[in-house]
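Commentary on secondary and tertiary structure
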Amino acid sequence: QRKNPFSNDERLAAKPLPSHRGDPSYGRPPEGSKTEQRGRDAHSHVGKEVEELCGIIRSTGEKGEDGHVSVTFRQLFETYVTISNKVVGILLRARKHGLVHFEGEMLWQGKDDDVIITLL
């Protein structure tokens, strides 16, 4: 619509053109927009859930010889599932941030019950 010569919509003309790859703003919402604020709020919420997960691992796990606290997936799932049904997603996020370690790409209830999750 922005390139349409028959469009007189002022709102379309005022919008900035999309950025291109390599541009620092590429793939990011406009500064100050509601979308940017929702993204910040979601990031903060997930961060709190990761902190809560680490606290649960600390309280339910056992300290190993290396000083790290570990828990099995079954123990963690049984404890954490009452708090949130997103335990695997939060575990993946915690691993991405270097807070926990476990073998495998994904954990499945039943199949991976004995996988050890270590708090780093």
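Conventions we followed
- Residues numbered from 1 in each chain as written.
- Predicted model: local features only at pLDDT ≥ 70, side-chain atom pairs only at ≥ 80, totals over all residues.
- Heavy atoms only, no water.
- UniProt positions renumbered as here; feature names shortened; annotations may be inferred.
- Helix = DSSP H or I, 4+ residues; strand = E, 2+ residues; numbered from the N terminus.
- Buried < 20%, exposed > 50% of the residue type's maximum accessible area, 1.4 Å probe, protein only.
- Contact = heavy atoms within 4.5 Å.
- Areas by Shrake-Rupley, 256 points an atom, 1.4 Å probe, with all protein chains shown as cover.
- Core = buried A, V, L, I, M, F, W, Y, C linked by side-chain atoms within 4.5 Å.
- Salt bridge = Lys/Arg side-chain N within 4 Å of Asp/Glu carboxyl O.

Labelled according to an unreviewed UniProt entry, the chain appears under the name Actin-binding Rho-activating protein, originating from Eudromia elegans. Per UniProt, the chain has the following entry under Subunit (unreviewed entry): "Binds F-actin and ABLIM1, ABLIM2 and ABLIM3. Interaction with ABLIM2 and ABLIM3 enhances activity." As its UniProt record puts it under Function (unreviewed entry), the chain is described as follows: "Acts as an activator of serum response factor (SRF)-dependent transcription possibly by inducing nuclear translocation of MKL1 or MKL2 and through a mechanism requiring Rho-actin signaling."

This part covers the overall build of the chain. Helices and strands together make up the secondary structure of the chain, namely four helices and four strands. Moving toward the C terminus, one meets the helices and strands of the chain in the order α-α-β-β-α-α-β-β. Taking all 120 residues of the chain together, 26% fall into the buried category. At a minimum sequence separation of 6, the contacts of the chain that also span at least 24 residues come to 43%. Element-wise, carbon and sulfur atoms account for 52% of the exposed surface of the chain, whose accessible area totals about 9,100 Å².

In this structure, Leu53, Ile57, Leu76, Val87, Leu91, Val100 and Ile117 are the most contacted members of the largest nonpolar core, which totals 22 residues. Elements with a minimum of two residues in this core: helix H2 (34-60), strand E2 (69-72), helix H3 (73-80), helix H4 (87-96) and strand E4 (116-119). Beyond its immediate stretch of four places on either side in the chain, leucine 53 contacts Leu76, Tyr80, Val87, Ile90, Leu91 and Ala94.

Before going further, it helps to spend a moment on the pattern of salt bridges. Within this structure, the stated rule accounts for five salt bridges. Note that aspartate 113 and arginine 74 form a salt bridge whose closest N and O atoms lie 3.4 Å from each other. Residue aspartate 113 is found in the loop between strand E3 (100-101) and E4, and its partner arginine 74 is found in helix H3; the two are separated by 39 residues along the sequence. Taking relative accessible area as the criterion, arginine 74 reaches 37% and is therefore assigned partly exposed. Because the salt bridges share partners, they merge into one network encompassing Arg74, Asp113 and Asp114.

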